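In case you want the letters, here they are:
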Amino acid sequence: MSYEQHGMWVAQDLRGRSNTSFSVRPTYRILGPLDVTALTGAFTDLVARHEPLRTRFEVRHGQLVQVVADPAPFSLPVEPVPELAEAERDAWLRRRAVEIHAAGFDLETGPLLQAHLFMVRPGEHVLLLRMHQLAGDGWSMGVLNRDLAALYEARVQGGPAGLPELTLSYTVWAQAARQAADQDEGEALAYWREQLSSLPADRSLPTDRPAPPGTDYRGEHVAVEIDAATMAQAAVLARREHVSSFMVLLAAFGVLAGRWTGQREVLVGTAVANRSVPGTEELIGCFAGVLPARLTADADLTFAEVLRRTRDVLLDGQENEIPVERIVAALPGLAREPLFRIGVSSADGLAAPLQLAGVEVSRLPDDVRYAPYDLEVTLATGDGRGRLGITFPFSLFDRQTVQRLLRSYAALLSAACGGPEQPVSALPTPDLPAPADTASACRGPGAEPAGTSRPPAGPTAAQAGDEALEELVRSVWRKALDVEPTGTDDDDFFLLGGSSLSAVRVSAELSDALGFKVPLRSIYEFSALTELTERLGELQEEYADAGHGPMFDEPAG
(Lines give C-alpha, C1' and ligand atoms only; values in the text may rest on other atoms or scores of the structure.)
Protein backbone atom coordinates (compact mmCIF):
# COMPACT_ATOMS: atom_id res chain seq x y z
CA MET A 1 0.00 0.00 0.00
CA SER A 2 1.08 3.58 -0.51
CA TYR A 3 2.28 5.93 2.21
CA GLU A 4 -0.73 8.11 1.40
CA GLN A 5 -3.10 5.21 2.13
CA HIS A 6 -1.26 4.32 5.33
CA GLY A 7 -1.44 7.91 6.58
CA MET A 8 -5.15 8.10 5.77
CA TRP A 9 -5.84 4.78 7.53
CA VAL A 10 -3.99 5.95 10.66
CA ALA A 11 -5.91 9.25 10.68
CA GLN A 12 -9.20 7.37 10.36
CA ASP A 13 -8.21 4.95 13.12
CA LEU A 14 -7.28 7.80 15.48
CA ARG A 15 -10.66 9.46 15.04
CA GLY A 16 -12.56 6.20 15.31
CA ARG A 17 -13.94 3.85 12.71
CA SER A 18 -17.38 5.48 12.84
CA ASN A 19 -16.00 8.96 12.06
CA THR A 20 -16.92 10.01 8.52
CA SER A 21 -14.57 13.01 8.14
CA PHE A 22 -12.46 11.25 5.53
CA SER A 23 -15.04 10.63 2.84
CA VAL A 24 -16.50 12.34 -0.22
CA ARG A 25 -20.29 12.49 -0.16
CA PRO A 26 -21.91 14.17 -3.19
CA THR A 27 -25.68 14.03 -3.64
CA TYR A 28 -27.31 14.47 -7.07
CA ARG A 29 -30.84 15.15 -8.29
CA ILE A 30 -31.57 13.36 -11.59
CA LEU A 31 -34.49 14.50 -13.75
CA GLY A 32 -35.61 12.48 -16.76
CA PRO A 33 -35.87 8.84 -17.84
CA LEU A 34 -33.00 7.34 -15.85
CA ASP A 35 -32.07 3.76 -16.85
CA VAL A 36 -31.43 2.23 -13.43
CA THR A 37 -30.16 -1.06 -14.89
CA ALA A 38 -27.67 0.81 -17.06
CA LEU A 39 -26.56 2.93 -14.10
CA THR A 40 -25.99 -0.18 -11.97
CA GLY A 41 -24.01 -1.75 -14.80
CA ALA A 42 -21.97 1.44 -15.22
CA PHE A 43 -21.01 1.30 -11.54
CA THR A 44 -20.01 -2.35 -12.00
CA ASP A 45 -17.79 -1.39 -14.94
CA LEU A 46 -16.34 1.55 -13.00
CA VAL A 47 -15.31 -0.62 -10.06
CA ALA A 48 -13.81 -3.18 -12.41
CA ARG A 49 -11.76 -0.44 -14.13
CA HIS A 50 -10.35 1.10 -10.93
CA GLU A 51 -8.95 -1.34 -8.39
CA PRO A 52 -8.95 1.07 -5.37
CA LEU A 53 -12.76 0.94 -5.52
CA ARG A 54 -12.63 -2.80 -4.74
CA THR A 55 -9.86 -2.65 -2.16
CA ARG A 56 -10.15 -3.37 1.55
CA PHE A 57 -7.60 -3.13 4.36
CA GLU A 58 -6.55 -5.74 6.90
CA VAL A 59 -4.00 -5.96 9.70
CA ARG A 60 -1.98 -9.17 9.31
CA HIS A 61 0.74 -10.06 11.78
CA GLY A 62 0.85 -6.45 12.92
CA GLN A 63 1.19 -5.10 9.37
CA LEU A 64 -1.46 -3.14 7.48
CA VAL A 65 -2.07 -4.57 3.99
CA GLN A 66 -4.47 -3.82 1.18
CA VAL A 67 -6.47 -6.60 -0.44
CA VAL A 68 -7.78 -6.04 -3.96
CA ALA A 69 -10.91 -8.06 -4.71
CA ASP A 70 -11.86 -9.43 -8.10
CA PRO A 71 -14.47 -7.46 -10.08
CA ALA A 72 -18.03 -8.23 -8.99
CA PRO A 73 -21.53 -6.85 -9.63
CA PHE A 74 -22.14 -3.51 -7.93
CA SER A 75 -24.94 -3.22 -5.38
CA LEU A 76 -27.18 -0.17 -5.95
CA PRO A 77 -30.09 -0.09 -3.50
CA VAL A 78 -33.18 1.65 -4.88
CA GLU A 79 -35.49 3.10 -2.23
CA PRO A 80 -38.88 4.68 -2.97
CA VAL A 81 -39.60 8.00 -1.30
CA PRO A 82 -42.91 8.19 0.61
CA GLU A 83 -45.68 10.26 -0.95
CA LEU A 84 -45.50 13.45 1.08
CA ALA A 85 -45.90 17.17 0.60
CA GLU A 86 -42.82 18.68 -1.04
CA ALA A 87 -41.40 20.23 2.13
CA GLU A 88 -41.95 17.05 4.14
CA ARG A 89 -40.48 14.92 1.34
CA ASP A 90 -37.32 17.04 1.21
CA ALA A 91 -36.99 16.82 4.99
CA TRP A 92 -37.37 13.03 4.80
CA LEU A 93 -34.65 12.84 2.14
CA ARG A 94 -32.30 14.96 4.25
CA ARG A 95 -32.85 12.70 7.27
CA ARG A 96 -32.19 9.58 5.22
CA ALA A 97 -29.06 11.12 3.70
CA VAL A 98 -27.73 11.94 7.16
CA GLU A 99 -28.47 8.38 8.32
CA ILE A 100 -26.70 6.85 5.33
CA HIS A 101 -23.66 9.14 5.45
CA ALA A 102 -23.33 8.67 9.22
CA ALA A 103 -22.99 4.90 8.84
CA GLY A 104 -19.23 5.11 8.26
CA PHE A 105 -17.17 2.50 6.39
CA ASP A 106 -15.91 -0.91 7.39
CA LEU A 107 -12.37 -0.71 6.04
CA GLU A 108 -11.77 -4.43 6.52
CA THR A 109 -14.75 -5.64 4.49
CA GLY A 110 -15.53 -2.69 2.20
CA PRO A 111 -16.80 -1.55 -0.16
CA LEU A 112 -15.21 1.91 -0.10
CA LEU A 113 -17.49 3.20 -2.86
CA GLN A 114 -21.19 3.03 -2.12
CA ALA A 115 -24.29 4.46 -3.78
CA HIS A 116 -27.93 4.72 -2.81
CA LEU A 117 -30.68 5.69 -5.24
CA PHE A 118 -33.99 7.22 -4.15
CA MET A 119 -36.95 7.10 -6.52
CA VAL A 120 -38.80 10.32 -5.72
CA ARG A 121 -41.43 9.93 -8.44
CA PRO A 122 -41.46 8.93 -12.11
CA GLY A 123 -38.76 10.93 -13.87
CA GLU A 124 -37.04 12.09 -10.68
CA HIS A 125 -34.34 10.36 -8.63
CA VAL A 126 -31.80 11.36 -6.00
CA LEU A 127 -28.41 9.64 -6.02
CA LEU A 128 -26.19 9.53 -2.93
CA LEU A 129 -22.53 8.64 -3.42
CA ARG A 130 -20.06 7.81 -0.65
CA MET A 131 -16.38 7.23 -1.30
CA HIS A 132 -13.77 6.90 1.42
CA GLN A 133 -10.61 8.89 0.73
CA LEU A 134 -8.63 5.66 1.04
CA ALA A 135 -10.17 4.82 -2.34
CA GLY A 136 -10.06 8.21 -4.03
CA ASP A 137 -9.16 11.86 -3.53
CA GLY A 138 -10.63 15.09 -4.89
CA TRP A 139 -9.02 14.63 -8.31
CA SER A 140 -10.47 11.13 -8.39
CA MET A 141 -13.99 12.54 -8.27
CA GLY A 142 -13.42 14.20 -11.64
CA VAL A 143 -12.20 10.88 -13.06
CA LEU A 144 -15.17 9.07 -11.48
CA ASN A 145 -17.69 11.50 -12.96
CA ARG A 146 -16.14 11.29 -16.43
CA ASP A 147 -15.83 7.51 -16.43
CA LEU A 148 -19.28 6.91 -14.96
CA ALA A 149 -20.84 9.14 -17.63
CA ALA A 150 -19.06 7.29 -20.45
CA LEU A 151 -19.85 3.86 -19.03
CA TYR A 152 -23.52 4.75 -18.50
CA GLU A 153 -23.87 5.97 -22.08
CA ALA A 154 -22.18 2.80 -23.33
CA ARG A 155 -24.61 0.66 -21.34
CA VAL A 156 -27.61 2.61 -22.64
CA GLN A 157 -26.50 2.53 -26.28
CA GLY A 158 -24.78 -0.87 -26.23
CA GLY A 159 -21.48 0.42 -27.60
CA PRO A 160 -17.93 0.98 -26.32
CA ALA A 161 -17.29 3.57 -23.64
CA GLY A 162 -14.36 5.14 -25.49
CA LEU A 163 -12.35 5.78 -22.33
CA PRO A 164 -8.55 6.07 -22.52
CA GLU A 165 -6.66 2.88 -21.84
CA LEU A 166 -5.11 2.78 -18.37
CA THR A 167 -1.33 2.46 -18.73
CA LEU A 168 -0.68 2.15 -15.00
CA SER A 169 -2.39 0.54 -12.01
CA TYR A 170 -2.60 2.06 -8.56
CA THR A 171 -0.81 -0.87 -6.90
CA VAL A 172 2.10 -0.61 -9.35
CA TRP A 173 2.34 3.12 -8.70
CA ALA A 174 2.13 2.62 -4.93
CA GLN A 175 4.90 0.04 -4.94
CA ALA A 176 7.23 2.16 -7.08
CA ALA A 177 6.46 5.37 -5.17
CA ARG A 178 7.11 3.69 -1.84
CA GLN A 179 10.42 2.28 -3.03
CA ALA A 180 11.45 5.67 -4.40
CA ALA A 181 10.57 7.40 -1.13
CA ASP A 182 12.55 4.85 0.89
CA GLN A 183 15.62 5.14 -1.33
CA ASP A 184 15.79 8.84 -2.15
CA GLU A 185 14.49 10.61 0.93
CA GLY A 186 17.81 11.61 2.52
CA GLU A 187 18.14 15.03 0.88
CA ALA A 188 14.44 15.74 1.30
CA LEU A 189 14.50 14.84 4.99
CA ALA A 190 17.44 17.19 5.51
CA TYR A 191 15.36 19.95 3.94
CA TRP A 192 12.39 19.27 6.22
CA ARG A 193 14.57 19.05 9.33
CA GLU A 194 15.81 22.55 8.56
CA GLN A 195 12.33 23.83 7.81
CA LEU A 196 10.59 22.42 10.87
CA SER A 197 13.27 22.35 13.56
CA SER A 198 12.28 25.72 15.05
CA LEU A 199 8.51 25.27 15.16
CA PRO A 200 6.78 26.64 18.26
CA ALA A 201 5.66 23.94 20.66
CA ASP A 202 2.15 25.38 20.83
CA ARG A 203 0.56 25.51 17.37
CA SER A 204 -3.04 25.62 18.56
CA LEU A 205 -5.58 28.07 17.18
CA PRO A 206 -7.59 30.60 19.22
CA THR A 207 -10.76 28.49 19.20
CA ASP A 208 -14.03 29.61 20.74
CA ARG A 209 -13.97 26.64 23.10
CA PRO A 210 -11.66 23.71 23.96
CA ALA A 211 -12.14 20.53 21.98
CA PRO A 212 -14.42 18.17 23.91
CA PRO A 213 -13.55 14.47 24.20
CA GLY A 214 -14.64 12.51 21.15
CA THR A 215 -14.90 15.52 18.81
CA ASP A 216 -16.55 14.32 15.60
CA TYR A 217 -15.55 17.38 13.52
CA ARG A 218 -19.05 17.76 12.16
CA GLY A 219 -19.44 21.33 11.03
CA GLU A 220 -20.27 23.76 8.27
CA HIS A 221 -18.70 25.38 5.23
CA VAL A 222 -18.88 29.15 4.77
CA ALA A 223 -17.22 31.24 2.09
CA VAL A 224 -16.54 34.74 0.83
CA GLU A 225 -16.58 35.71 -2.83
CA ILE A 226 -13.70 37.92 -3.97
CA ASP A 227 -14.85 40.83 -6.13
CA ALA A 228 -13.80 41.00 -9.79
CA ALA A 229 -11.69 44.14 -9.35
CA THR A 230 -9.56 42.49 -6.65
CA MET A 231 -9.13 39.34 -8.72
CA ALA A 232 -8.07 41.41 -11.73
CA GLN A 233 -5.39 43.06 -9.58
CA ALA A 234 -4.40 39.64 -8.22
CA ALA A 235 -3.95 38.34 -11.78
CA VAL A 236 -1.67 41.27 -12.69
CA LEU A 237 0.35 40.74 -9.51
CA ALA A 238 0.58 36.99 -10.14
CA ARG A 239 1.92 37.52 -13.64
CA ARG A 240 4.46 40.05 -12.43
CA GLU A 241 5.77 37.72 -9.73
CA HIS A 242 5.56 34.51 -11.78
CA VAL A 243 3.12 32.84 -9.41
CA SER A 244 -0.40 31.47 -9.66
CA SER A 245 -3.45 33.33 -8.40
CA PHE A 246 -3.75 30.56 -5.81
CA MET A 247 -0.40 31.63 -4.36
CA VAL A 248 -1.59 35.25 -4.12
CA LEU A 249 -4.68 34.18 -2.20
CA LEU A 250 -2.64 31.84 0.01
CA ALA A 251 -0.07 34.53 0.85
CA ALA A 252 -2.88 36.81 1.97
CA PHE A 253 -4.36 34.05 4.11
CA GLY A 254 -0.96 33.51 5.75
CA VAL A 255 -0.87 37.17 6.76
CA LEU A 256 -4.41 36.93 8.12
CA ALA A 257 -3.66 33.74 10.07
CA GLY A 258 -0.54 35.32 11.56
CA ARG A 259 -2.50 38.33 12.75
CA TRP A 260 -5.21 36.10 14.18
CA THR A 261 -2.89 33.75 16.05
CA GLY A 262 -0.27 36.34 17.01
CA GLN A 263 2.47 34.35 15.27
CA ARG A 264 5.14 35.56 12.89
CA GLU A 265 4.85 32.35 10.89
CA VAL A 266 1.92 29.98 10.53
CA LEU A 267 2.35 26.33 9.63
CA VAL A 268 -0.36 24.96 7.35
CA GLY A 269 -0.77 21.68 5.50
CA THR A 270 -0.99 22.27 1.76
CA ALA A 271 -2.63 19.63 -0.40
CA VAL A 272 -0.54 18.28 -3.30
CA ALA A 273 -2.00 16.26 -6.16
CA ASN A 274 1.00 13.87 -6.23
CA ARG A 275 0.26 12.84 -9.82
CA SER A 276 3.46 13.79 -11.63
CA VAL A 277 3.98 10.24 -12.94
CA PRO A 278 2.44 9.94 -16.43
CA GLY A 279 -0.74 7.85 -16.38
CA THR A 280 -1.76 8.68 -12.81
CA GLU A 281 -4.05 11.49 -14.00
CA GLU A 282 -6.43 8.85 -15.39
CA LEU A 283 -6.68 6.84 -12.17
CA ILE A 284 -9.00 6.84 -9.19
CA GLY A 285 -6.94 6.40 -6.05
CA CYS A 286 -5.53 7.85 -2.85
CA PHE A 287 -2.76 9.97 -4.39
CA ALA A 288 -3.21 13.33 -2.71
CA GLY A 289 -0.65 14.16 -0.10
CA VAL A 290 -0.08 17.06 2.23
CA LEU A 291 3.08 19.07 2.73
CA PRO A 292 3.88 21.50 5.54
CA ALA A 293 4.26 25.14 4.51
CA ARG A 294 5.50 27.89 6.81
CA LEU A 295 3.59 30.99 5.72
CA THR A 296 5.14 34.25 6.81
CA ALA A 297 3.12 36.99 8.47
CA ASP A 298 6.13 39.24 9.16
CA ALA A 299 4.62 42.71 9.39
CA ASP A 300 7.90 44.40 8.39
CA LEU A 301 7.83 42.86 4.92
CA THR A 302 5.89 44.19 1.97
CA PHE A 303 3.12 41.99 0.63
CA ALA A 304 5.14 41.46 -2.56
CA GLU A 305 7.99 40.08 -0.43
CA VAL A 306 5.54 37.84 1.44
CA LEU A 307 4.24 36.57 -1.89
CA ARG A 308 7.74 35.70 -3.13
CA ARG A 309 8.48 33.81 0.07
CA THR A 310 5.18 31.97 -0.22
CA ARG A 311 6.07 30.96 -3.77
CA ASP A 312 9.50 29.72 -2.70
CA VAL A 313 8.14 27.78 0.27
CA LEU A 314 5.56 25.99 -1.88
CA LEU A 315 7.89 25.19 -4.78
CA ASP A 316 10.78 24.15 -2.54
CA GLY A 317 8.39 21.92 -0.60
CA GLN A 318 7.14 20.22 -3.74
CA GLU A 319 10.69 19.69 -4.98
CA ASN A 320 11.40 17.90 -1.69
CA GLU A 321 8.06 16.09 -1.56
CA ILE A 322 7.97 12.96 0.58
CA PRO A 323 5.09 11.45 2.56
CA VAL A 324 4.32 13.60 5.59
CA GLU A 325 4.41 10.56 7.88
CA ARG A 326 8.07 10.09 6.91
CA ILE A 327 8.72 13.68 7.96
CA VAL A 328 7.02 13.19 11.31
CA ALA A 329 8.86 9.89 11.89
CA ALA A 330 12.20 11.61 11.27
CA LEU A 331 11.37 14.44 13.69
CA PRO A 332 9.83 12.74 16.76
CA GLY A 333 9.22 16.05 18.53
CA LEU A 334 6.59 16.91 15.92
CA ALA A 335 4.37 14.00 16.98
CA ARG A 336 3.46 15.51 20.35
CA GLU A 337 0.50 17.29 18.79
CA PRO A 338 -0.99 17.59 15.28
CA LEU A 339 1.63 18.92 12.88
CA PHE A 340 -0.76 21.54 11.57
CA ARG A 341 -4.21 22.71 12.56
CA ILE A 342 -5.06 24.34 9.23
CA GLY A 343 -5.32 22.50 5.93
CA VAL A 344 -5.28 24.41 2.63
CA SER A 345 -6.24 23.15 -0.81
CA SER A 346 -7.20 24.45 -4.22
CA ALA A 347 -10.78 24.00 -5.36
CA ASP A 348 -9.91 24.65 -9.01
CA GLY A 349 -10.67 22.00 -11.57
CA LEU A 350 -10.86 19.08 -9.16
CA ALA A 351 -14.09 17.53 -10.31
CA ALA A 352 -16.05 18.17 -13.46
CA PRO A 353 -19.80 17.89 -12.80
CA LEU A 354 -21.49 14.54 -13.25
CA GLN A 355 -23.42 14.26 -16.52
CA LEU A 356 -25.51 11.30 -17.64
CA ALA A 357 -26.86 10.83 -21.15
CA GLY A 358 -30.54 11.63 -21.60
CA VAL A 359 -31.13 13.09 -18.12
CA GLU A 360 -30.44 16.31 -16.25
CA VAL A 361 -28.09 15.98 -13.26
CA SER A 362 -27.56 18.68 -10.62
CA ARG A 363 -25.60 18.47 -7.40
CA LEU A 364 -27.51 19.22 -4.22
CA PRO A 365 -25.96 21.26 -1.41
CA ASP A 366 -24.37 19.35 1.45
CA ASP A 367 -26.44 19.50 4.64
CA VAL A 368 -23.54 18.27 6.77
CA ARG A 369 -19.81 18.92 6.32
CA TYR A 370 -16.87 17.42 8.18
CA ALA A 371 -13.61 19.24 8.81
CA PRO A 372 -10.50 17.03 8.63
CA TYR A 373 -8.57 19.82 10.42
CA ASP A 374 -9.45 22.47 12.98
CA LEU A 375 -9.94 24.66 9.90
CA GLU A 376 -10.02 23.45 6.31
CA VAL A 377 -9.43 26.28 3.84
CA THR A 378 -10.23 26.01 0.13
CA LEU A 379 -9.12 28.62 -2.38
CA ALA A 380 -10.74 28.88 -5.80
CA THR A 381 -9.77 31.03 -8.77
CA GLY A 382 -10.90 31.05 -12.36
CA ASP A 383 -12.97 32.98 -14.88
CA GLY A 384 -11.92 36.22 -13.20
CA ARG A 385 -13.52 35.21 -9.92
CA GLY A 386 -12.14 34.13 -6.57
CA ARG A 387 -13.47 32.44 -3.48
CA LEU A 388 -12.15 31.53 -0.04
CA GLY A 389 -14.08 28.87 1.83
CA ILE A 390 -13.57 27.57 5.36
CA THR A 391 -14.96 24.33 6.76
CA PHE A 392 -14.99 24.39 10.56
CA PRO A 393 -16.22 22.00 13.29
CA PHE A 394 -19.05 23.20 15.52
CA SER A 395 -17.20 21.79 18.51
CA LEU A 396 -14.41 24.39 18.16
CA PHE A 397 -15.80 27.49 16.46
CA ASP A 398 -18.90 29.60 16.23
CA ARG A 399 -20.12 30.51 12.76
CA GLN A 400 -19.80 34.20 13.59
CA THR A 401 -16.07 33.81 14.30
CA VAL A 402 -15.39 32.25 10.91
CA GLN A 403 -17.52 34.85 9.14
CA ARG A 404 -15.44 37.59 10.77
CA LEU A 405 -12.29 35.87 9.52
CA LEU A 406 -13.70 35.84 6.00
CA ARG A 407 -14.67 39.53 6.07
CA SER A 408 -11.22 40.45 7.34
CA TYR A 409 -9.63 38.34 4.62
CA ALA A 410 -11.57 40.07 1.84
CA ALA A 411 -10.45 43.50 3.08
CA LEU A 412 -6.83 42.41 3.50
CA LEU A 413 -6.63 40.77 0.06
CA SER A 414 -8.13 43.79 -1.69
CA ALA A 415 -5.61 46.14 -0.07
CA ALA A 416 -2.68 43.78 -0.70
CA CYS A 417 -3.44 43.32 -4.40
CA GLY A 418 -4.08 47.03 -4.85
CA GLY A 419 -0.80 48.01 -3.15
CA PRO A 420 1.59 45.04 -2.99
CA GLU A 421 4.59 47.25 -2.12
CA GLN A 422 3.07 48.49 1.11
CA PRO A 423 4.17 46.84 4.37
CA VAL A 424 2.06 44.03 5.74
CA SER A 425 1.55 46.07 8.92
CA ALA A 426 -0.51 48.56 6.88
CA LEU A 427 -2.96 45.96 5.53
CA PRO A 428 -6.42 46.20 7.13
CA THR A 429 -8.21 43.43 9.01
CA PRO A 430 -11.24 45.38 10.24
CA ASP A 431 -13.21 42.53 11.79
CA LEU A 432 -10.52 40.13 12.95
CA PRO A 433 -11.72 37.99 15.90
CA ALA A 434 -8.40 38.31 17.76
CA PRO A 435 -6.85 40.82 20.19
CA ALA A 436 -6.27 44.12 18.41
CA ASP A 437 -2.55 44.18 19.16
CA THR A 438 -1.58 40.87 17.58
CA ALA A 439 0.03 42.65 14.60
CA SER A 440 2.87 43.82 16.83
CA ALA A 441 3.36 40.27 18.09
CA CYS A 442 3.91 39.14 14.49
CA ARG A 443 6.93 41.41 14.37
CA GLY A 444 8.52 39.72 17.37
CA PRO A 445 11.79 37.82 17.26
CA GLY A 446 11.93 34.61 15.30
CA ALA A 447 13.82 32.67 12.68
CA GLU A 448 13.93 34.03 9.17
CA PRO A 449 11.22 32.45 7.00
CA ALA A 450 12.41 29.60 4.82
CA GLY A 451 13.29 30.13 1.21
CA THR A 452 14.99 32.94 -0.66
CA SER A 453 13.25 35.28 -3.03
CA ARG A 454 14.08 35.05 -6.69
CA PRO A 455 13.84 37.81 -9.27
CA PRO A 456 11.16 37.20 -11.87
CA ALA A 457 12.42 35.45 -14.95
CA GLY A 458 12.69 37.80 -17.89
CA PRO A 459 11.04 37.02 -21.22
CA THR A 460 13.14 35.36 -23.94
CA ALA A 461 12.47 34.31 -27.51
CA ALA A 462 12.31 30.69 -28.59
CA GLN A 463 15.41 29.67 -30.47
CA ALA A 464 15.21 28.89 -34.18
CA GLY A 465 14.42 25.25 -34.85
CA ASP A 466 12.20 24.86 -31.77
CA GLU A 467 8.93 24.86 -33.71
CA ALA A 468 8.10 21.26 -32.77
CA LEU A 469 8.81 21.90 -29.10
CA GLU A 470 6.71 25.06 -29.12
CA GLU A 471 3.84 23.19 -30.77
CA LEU A 472 4.07 20.54 -28.04
CA VAL A 473 3.74 23.24 -25.37
CA ARG A 474 0.79 24.72 -27.24
CA SER A 475 -1.00 21.38 -27.44
CA VAL A 476 -0.43 20.60 -23.76
CA TRP A 477 -1.67 24.06 -22.74
CA ARG A 478 -4.65 23.65 -25.05
CA LYS A 479 -5.61 20.41 -23.31
CA ALA A 480 -4.98 21.66 -19.76
CA LEU A 481 -6.57 25.11 -20.14
CA ASP A 482 -9.17 24.43 -22.83
CA VAL A 483 -8.07 27.58 -24.66
CA GLU A 484 -6.12 28.23 -27.83
CA PRO A 485 -2.80 30.12 -27.35
CA THR A 486 -2.92 33.30 -29.40
CA GLY A 487 0.66 33.41 -30.63
CA THR A 488 1.17 36.84 -29.05
CA ASP A 489 2.82 38.19 -25.91
CA ASP A 490 -0.41 37.28 -24.08
CA ASP A 491 0.55 33.60 -24.26
CA ASP A 492 1.30 33.38 -20.55
CA PHE A 493 0.20 30.23 -18.73
CA PHE A 494 -1.43 31.99 -15.79
CA LEU A 495 -2.88 34.82 -17.87
CA LEU A 496 -4.64 32.19 -19.99
CA GLY A 497 -6.28 30.72 -16.89
CA GLY A 498 -3.61 28.39 -15.50
CA SER A 499 -3.84 27.36 -11.86
CA SER A 500 -1.73 25.40 -9.40
CA LEU A 501 -3.56 22.20 -10.32
CA SER A 502 -3.33 22.72 -14.08
CA ALA A 503 0.39 23.45 -13.64
CA VAL A 504 0.76 19.95 -12.16
CA ARG A 505 -1.09 18.51 -15.16
CA VAL A 506 1.10 20.41 -17.62
CA SER A 507 4.27 19.25 -15.85
CA ALA A 508 3.07 15.62 -16.05
CA GLU A 509 1.98 15.86 -19.71
CA LEU A 510 5.27 17.44 -20.81
CA SER A 511 7.26 14.88 -18.82
CA ASP A 512 5.34 12.07 -20.51
CA ALA A 513 5.82 13.51 -24.00
CA LEU A 514 9.52 14.38 -23.63
CA GLY A 515 10.67 11.34 -21.67
CA PHE A 516 12.24 13.25 -18.79
CA LYS A 517 10.94 14.99 -15.71
CA VAL A 518 9.89 18.60 -16.29
CA PRO A 519 10.09 20.29 -12.87
CA LEU A 520 6.90 21.94 -11.68
CA ARG A 521 9.01 25.00 -10.87
CA SER A 522 9.65 25.51 -14.60
CA ILE A 523 5.94 26.07 -15.25
CA TYR A 524 5.98 28.97 -12.78
CA GLU A 525 9.36 30.52 -13.50
CA PHE A 526 8.94 30.32 -17.28
CA SER A 527 5.23 31.02 -17.59
CA ALA A 528 5.38 32.61 -21.07
CA LEU A 529 5.11 30.13 -23.94
CA THR A 530 8.39 31.27 -25.52
CA GLU A 531 10.19 31.15 -22.15
CA LEU A 532 8.97 27.64 -21.40
CA THR A 533 9.84 26.42 -24.90
CA GLU A 534 13.42 27.61 -24.54
CA ARG A 535 13.71 26.15 -21.03
CA LEU A 536 12.47 22.77 -22.24
CA GLY A 537 15.11 22.82 -24.93
CA GLU A 538 17.77 23.43 -22.28
CA LEU A 539 16.40 20.62 -20.11
CA GLN A 540 16.34 18.31 -23.11
CA GLU A 541 20.05 18.94 -23.71
CA GLU A 542 20.89 18.51 -20.01
CA TYR A 543 19.11 15.14 -19.77
CA ALA A 544 20.64 13.93 -23.03
CA ASP A 545 24.13 14.88 -21.86
CA ALA A 546 23.55 13.14 -18.51
CA GLY A 547 22.41 9.94 -20.23
CA HIS A 548 19.20 9.62 -18.17
CA GLY A 549 16.91 6.69 -18.88
CA PRO A 550 13.14 6.49 -18.43
CA MET A 551 11.70 8.13 -15.31
CA PHE A 552 9.39 5.32 -14.34
CA ASP A 553 9.37 1.63 -15.05
CA GLU A 554 6.74 -0.84 -13.95
CA PRO A 555 8.26 -3.52 -11.70
CA ALA A 556 8.50 -6.91 -13.32
CA GLY A 557 5.62 -9.19 -12.50
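Residues numbered from 1 in each chain as written. Predicted model: local features only at pLDDT ≥ 70, side-chain atom pairs only at ≥ 80, totals over all residues. Heavy atoms only, no water.

Trainee: Could you give an account of the packing of aromatic side chains, naming the residues involved and the relevant values?
Mentor: One pass over the structure, following the stated rule, counts ten aromatic pairs. Ring centres 5.8 Å apart and planes at 85° place the aromatic pair Trp92 and Phe118 in the edge-to-face group. Taken together, the positions of Trp92 in helix 3 (residues 86-101) and Phe118 in strand 6 (residues 113-121) put the pair 26 residues apart, joining distant regions of the chain. Judged on exposure class, the residue Trp92 and its partner Phe118 are both buried. Ring centres of Tyr170 and Trp173 lie 5.4 Å apart, and the angle between their planes is 45°; on these two criteria the pair is classed as tilted. Taken together, the positions of Tyr170 and Trp173, both in helix 5 (residues 170-183) and three residues apart, correspond to about one turn of that helix. Assessed through its relative accessible area of 2%, Tyr170 is described here as buried. Three or more aromatic residues joined by ring pairs make a cluster, and in this case those are Tyr170, Trp173 and Phe287. Of note, Arg130 hangs over the ring of Phe105, and the distance from its end group to the ring centre comes to 4.3 Å. Stacked on the ring of Tyr3, the Lys or Arg Arg178 has its end atom at 3.9 Å from the ring centre. (Phe/Tyr/Trp six-rings, centres within 6.5 Å; stacked < 30°, edge-to-face > 60°. Helix = DSSP H or I, 4+ residues; strand = E, 2+ residues; numbered from the N terminus. Buried < 20%, exposed > 50% of the residue type's maximum accessible area, 1.4 Å probe, protein only. Lys NZ or Arg CZ within 6 Å of the ring centre and 35° of its normal.)

Trainee: Kindly report on the packing of helix 8 (residues 245-261) against helix 11 (residues 399-418), identifying the contributing residues and their values.
Mentor: Where helix 8 meets helix 11, the closest approach of the two axes is 9 Å, and the angle between their N-to-C directions is 125°. In this view, helix 8 runs oblique relative to helix 11, as classed from their interaxial angle. Crossing geometry of helix 8 relative to helix 11 is assigned as right-handed. On helix 11, the residues that touch Val248, Leu249, Ala252, Phe253, Val255, Leu256 and Trp260 of helix 8 are Leu405, Ser408, Tyr409, Leu412, Leu413 and Cys417. For the contact of helix 8 with helix 11, the residue count by class is twelve nonpolar, one polar and no charged. (Axes fitted to C-alpha atoms, helices over the stretch in contact; angles between N-to-C directions. Parallel < 35°, antiparallel > 145°, perpendicular 65-115°, else oblique. Left-handed = near helix turned anticlockwise from the far one by under 90°. Contact = heavy atoms within 4.5 Å. Nonpolar A, V, L, I, M, F, W, Y, C, P; charged D, E, K, R; others polar.)

Trainee: Can you explain the nonpolar core? Please cite residues and give values.
Mentor: One recurring pattern in soluble globular proteins: nonpolar side chains tend to sit buried together. Grouped together as the largest cluster of nonpolar side chains are 121 residues, with contacts concentrated most on Phe43, Val248 and Tyr409. Counting residues per element, this core draws most heavily on helix 8, which supplies twelve residues. Discounting residues that sit within four places of it in the chain, Tyr409 has contacts with Ile226, Leu249, Ala252, Phe253, Leu256, Leu379 and Leu388. Counting residues in each nonpolar core, the second largest holds 15 residues, with Leu189, Ile327, Leu339 and Phe340 among its members. (Core = buried A, V, L, I, M, F, W, Y, C linked by side-chain atoms within 4.5 Å.)

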